[in-house]
There are 2 protein chains.
Amino acid sequence: MAKRSYPLAKVYGLLEPGPVVLLTTAGKARPDVMTLSWHMMVEFEPPLVACVVSNRDYSYGLLKAARECVLAIPTADLAEQVVAVGNCSGREVDKFQAFGLTAEPATLVQAPLVGECYANLECRVHDTRMVNRYGIFILEVVKAWVDPAVKDPKTLHHRGMGAFMVAGETIKLKSAMK
Amino acid sequence: MAKRSYPLAKVYGLLEPGPVVLLTTAGKARPDVMTLSWHMMVEFEPPLVACVVSNRDYSYGLLKAARECVLAIPTADLAEQVVAVGNCSGREVDKFQAFGLTAEPATLVQAPLVGECYANLECRVHDTRMVNRYGIFILEVVKAWVDPAVKDPKTLHHRGMGAFMVAGETIKLKSAMK
């Protein structure tokens, strides 16, 4: 996908709707990627994002060690890959290769962008105080990329057990809320 | 709306897609309600939910003091009220009355359910360690109510500046993920 640098101040608008994301880490021998829905914005700017990564996930150790990752936001055309990524472990599988995802170089972190995703957020780990207790990592988004051609992304929103709500129409209301 | 007790083990499926929620507190003279999109699941069962409430919000002090709230999930027919609730403060406005929302009694907490919402989650504050630093409250859902007639709720997902994505169709894939 084409990608253009995206203002950090607008990143919240990408994650606040609650899409499934792919979290990539540089890994040791090869990059890894996991599927994740448990994330939320914490601060507008610099954009802080909390996410939950279980200590049972292979990515947990990689993220703790590298303190860097990329959050990539897929659209519905990637649904099969999103599920496949979520159903196996990077301990056994080179997921980028196995599922036809393209690891592209990021600029500020070693973790790769996912070429097929319409948005990619380069992140550094900002706070690990809640990692041992809940698996909550607080990330700072340090660089954002978006495909400018995608205006109303058909993001995936996990309802559980393989059911995903696909983003519908966007409505606009007069609001003072950011 | 009709409401039926809902299994706590299935609560994650209501919040994981990332809908805008209304957070109610019992308040002092009258119940209060705020609009919130910064939340995520933290644990399946008992269901733990993290959410961000700013110390600038009137609800912040109420939630800190009462250590109880309700998360109510509205659908698109309530979009005007959701925005109106988010654009004023309970310091000045009786929001339930002003916006035609019905405060109904909960069973395990003093905070009210929102009668017009298809799902209501009674919550107790579980952890406040991250409140001072980030406004992150960790809540435990202790009782859940859902209108059984609503199968594919047209939830609202905030994209920023009054733009909301409305939940679209649900697709099902074969998945081992919970």
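**Q** Any chance you could explain the overall build of chain A here in plain terms?
**A** Scanning chain A for helices and strands turns up five helices and twelve strands. With the C-alpha coordinates of chain A rotated into their principal frame, the extents come out at 50 × 35 × 30 Å. The contacts in chain A between residues at least 6 apart in sequence include a share of 64% that link residues at least 24 apart. If you sum the accessible surface of chain A, you get close to 7300 Å²; carbon and sulfur atoms cover 49% of it. Taking the average place of the 20 positive charges on the side chains of chain A and the average place of its 18 negative ones, the gap between the two points comes to 4 Å.

**Q** What should I look at first to understand the nonpolar core in this one?
**A** Burial of nonpolar side chains together is a common tendency in soluble globular proteins. Judged by nonpolar contacts, the single largest core of 76 residues is most densely connected at L71 and I136 of chain A together with L71 of chain B. When neighbours within four sequence positions are excluded, L71 of chain A is seen to be in contact with L15, V21, L22, L23, L36, V49, A119, N120, L121, C123 and L139 of chain A.

**Q** I keep staring at the confidence of the model for chain A and nothing clicks. Help me out?
**A** Close inspection of predicted coordinates is inappropriate in any region flagged by low pLDDT. With 100% of its residues at a pLDDT of 70 or more, chain A has an overall mean of 96. Across the assembled chains, the prediction reports ipTM 0.96 with pTM 0.97.

**Q** How should the relation of the copies chain A and chain B be read in this particular structure?
**A** Both copies of the chain are related by a screw-like operation: a rotation about an axis and a shift along it. By a simple turn and slide, chain A fits onto chain B: the slide is 0.0 Å along the axis, the RMSD is 0.0 Å, and the turn is 180°. Accordingly, the operation relating the two chain copies is best matched by a two-fold axis. Here 100% of the interface residues in chain A have copies in chain B that are interface residues too; the copies meet face to matching face.

**Q** Explain the sheet that holds strand β11 (residues 156-160) of chain A to me, please; I cannot follow it from the model alone.
**A** In sheet architecture, strand pairing relies on hydrogen bonds along the backbone and comes in two forms, parallel and antiparallel. If you trace the four strands from one edge of the open sheet to the other, you get β11(A)-β12(A)-β12(B)-β11(B), paired in antiparallel fashion. The open sheet has two edge strands, β11 of chain A together with β11 (156-160) of chain B, and neither has a second partner. The average undirected angle you get between the axes of adjacent strands in this sheet is 40°. Where β11 of chain B meets strand β12 (residues 163-172) of chain B, four bridges bridge the pair, whose relative direction is antiparallel. Bridge assignment links G160 of chain B to a residue of β12 of chain B, and that residue is A163 of chain B.

**Q** Can you walk me through the interface of chain A and chain B in this structure?
**A** Much of the literature gives interface size as the accessible area that the parts lose upon coming together. Across the contact, 58 residues belong to chain A and 58 residues belong to chain B. Around 5000 Å² of area is buried between chain A and chain B when both sides are counted, 63% of it from carbon and sulfur atoms. Together, W38, R159 and M177 of chain A form the three largest contributors to the area buried by chain A at its contact with chain B, with a combined 16%. Joining chain A to chain B, the criterion identifies two salt bridges. A salt bridge links D152 of chain B to R159 of chain A; its shortest N-O distance comes to 2.6 Å. Summed over the shared surface of chain A and chain B, the number is 26 residue pairs in polar contact (both at pLDDT 80 or more). Among the elements that line the side of chain A that touches chain B, the one with the most residues is strand β12 (residues 163-172) of chain A, at ten residues.

**Q** How do you make sense of the environment of M161 of chain B when you look at a structure like this?
**A** As for its placement among the helices and strands, M161 of chain B is situated in the loop between β11 and β12. For the pair formed by M161 of chain B and G86 of chain B, sequence separation is 75 residues and the distance between their alpha carbons is 11 Å. Excluding its chain neighbours within four sequence positions, the residues that come into contact with M161 of chain B are Y12, L173, M177 and K178 of chain A.

**Q** Would you take a moment to explain the side chain of T24 of chain B for this structure?
**A** Residues and elements named next belong to chain B. Within the secondary structure, T24 sits in strand β2 (residues 21-25). For T24, a relative accessible area of 0% puts it in the buried group. Setting aside chain neighbours within four positions, we find T24 in contact with D32, V33, E68, C69, V70, F96, A111, P112 and V114.

**Q** When you look at the environment of G90 of chain B in this model, what are you seeing that I'm missing?
**A** Residues and elements named next belong to chain B. Looking at the element boundaries, G90 is found in the loop between α3 (79-86) and α4 (95-98). You can call G90 buried: its relative accessible area is 4%. For G90, the contacting residues outside a window of four places in its chain are R30, D32, Y58 and K95.

**Q** What is the right way to read the pairing of β11 of chain A from this model?
**A** Within a regular strand, side chains alternate between the sheet's two faces. Judged by how many residues are buried, β11 of chain A sits mostly within the fold: four of five residues are covered. The loop that links β11 of chain A with its antiparallel partner β12 of chain A comprises two residues; one of these, M161 of chain A, has a positive phi angle of about 55°.

**Q** Explanation requested: the packing of aromatic side chains in the structure shown.
**A** Two aromatic rings are characterised by how far apart their centres lie and by the angle between their planes. Considering all chains together, one arrives at six aromatic pairs over all chains under this definition. With a centroid separation of 4.8 Å and 90° between ring planes, the pair formed by Y12 of chain A and F44 of chain A is classed as edge-to-face. Here Y12 of chain A, found in helix α1 (residues 12-15), pairs with F44 of chain A, found in the loop between β4 (39-43) and β5 (48-52); they are 32 residues apart in sequence, far enough to count as distant. Clustering of aromatic rings is evident, with ring pairs tying together Y12 and F44 of chain A together with W38 of chain B. Above the ring of W145 of chain B, the side-chain terminus of K3 of chain B is found at 5.9 Å from the ring centroid. The ring of F44 of chain B carries K178 of chain B above its face, with NZ or CZ at 4.3 Å from the centroid.

**Q** What is the right way to read helix α2 (residues 58-66) of chain B from this model?
**A** In an α-helix, one full turn covers 3.6 residues, which means residues spaced three or four apart are oriented alike. Residue and element names in this part refer to chain B. Within α2 the residues assigned to the buried category are S59, Y60, L62 and L63. At its buried positions, α2 is contacted by β2, β3 (32-36), β6 (68-73), β9 (119-127), α5 (131-134) and β10 (136-146). Positive backbone phi, approximately 55°, marks R67, located one or two places after α2.

**Q** Before we go on, may I ask you to explain the pattern of salt bridges in this structure?
**A** Residues and elements named next belong to chain A. In this structure the tally under the stated criterion is six salt bridges over all chains. Taking the shortest distance from any N to any O, the salt bridge between R129 and D127 comes out at 2.6 Å. Residue classification places R129 among the exposed residues on the basis of a relative accessible area of 52%.

Rules used throughout
- Residues numbered from 1 in each chain as written.
- Chains lettered and ligands numbered in written order.
- Predicted model: local features only at pLDDT ≥ 70, side-chain atom pairs only at ≥ 80, totals over all residues.
- Heavy atoms only, no water.
- Helix = DSSP H or I, 4+ residues; strand = E, 2+ residues; numbered from the N terminus.
- Contact = heavy atoms within 4.5 Å.
- Areas by Shrake-Rupley, 256 points an atom, 1.4 Å probe, with all protein chains shown as cover.
- Lys, Arg positive; Asp, Glu negative; His and termini not counted.
- Charge placed at Lys NZ, Arg CZ, Asp CG, Glu CD.
- Core = buried A, V, L, I, M, F, W, Y, C linked by side-chain atoms within 4.5 Å.
- Buried < 20%, exposed > 50% of the residue type's maximum accessible area, 1.4 Å probe, protein only.
- pLDDT = per-residue confidence, 0-100.
- Least-squares fit on C-alpha atoms with pLDDT ≥ 70 in both.
- Pairing = 2+ DSSP bridges.
- Axes fitted to C-alpha atoms, helices over the stretch in contact; angles between N-to-C directions.
- Buried area = accessible area lost by both parts, 1.4 Å probe.
- Salt bridge = Lys/Arg side-chain N within 4 Å of Asp/Glu carboxyl O.
- Polar contact = N/O pair within 3.5 Å; in protein donor to acceptor, adjacent residues only side chain to side chain.
- Phe/Tyr/Trp six-rings, centres within 6.5 Å; stacked < 30°, edge-to-face > 60°.
- Lys NZ or Arg CZ within 6 Å of the ring centre and 35° of its normal.

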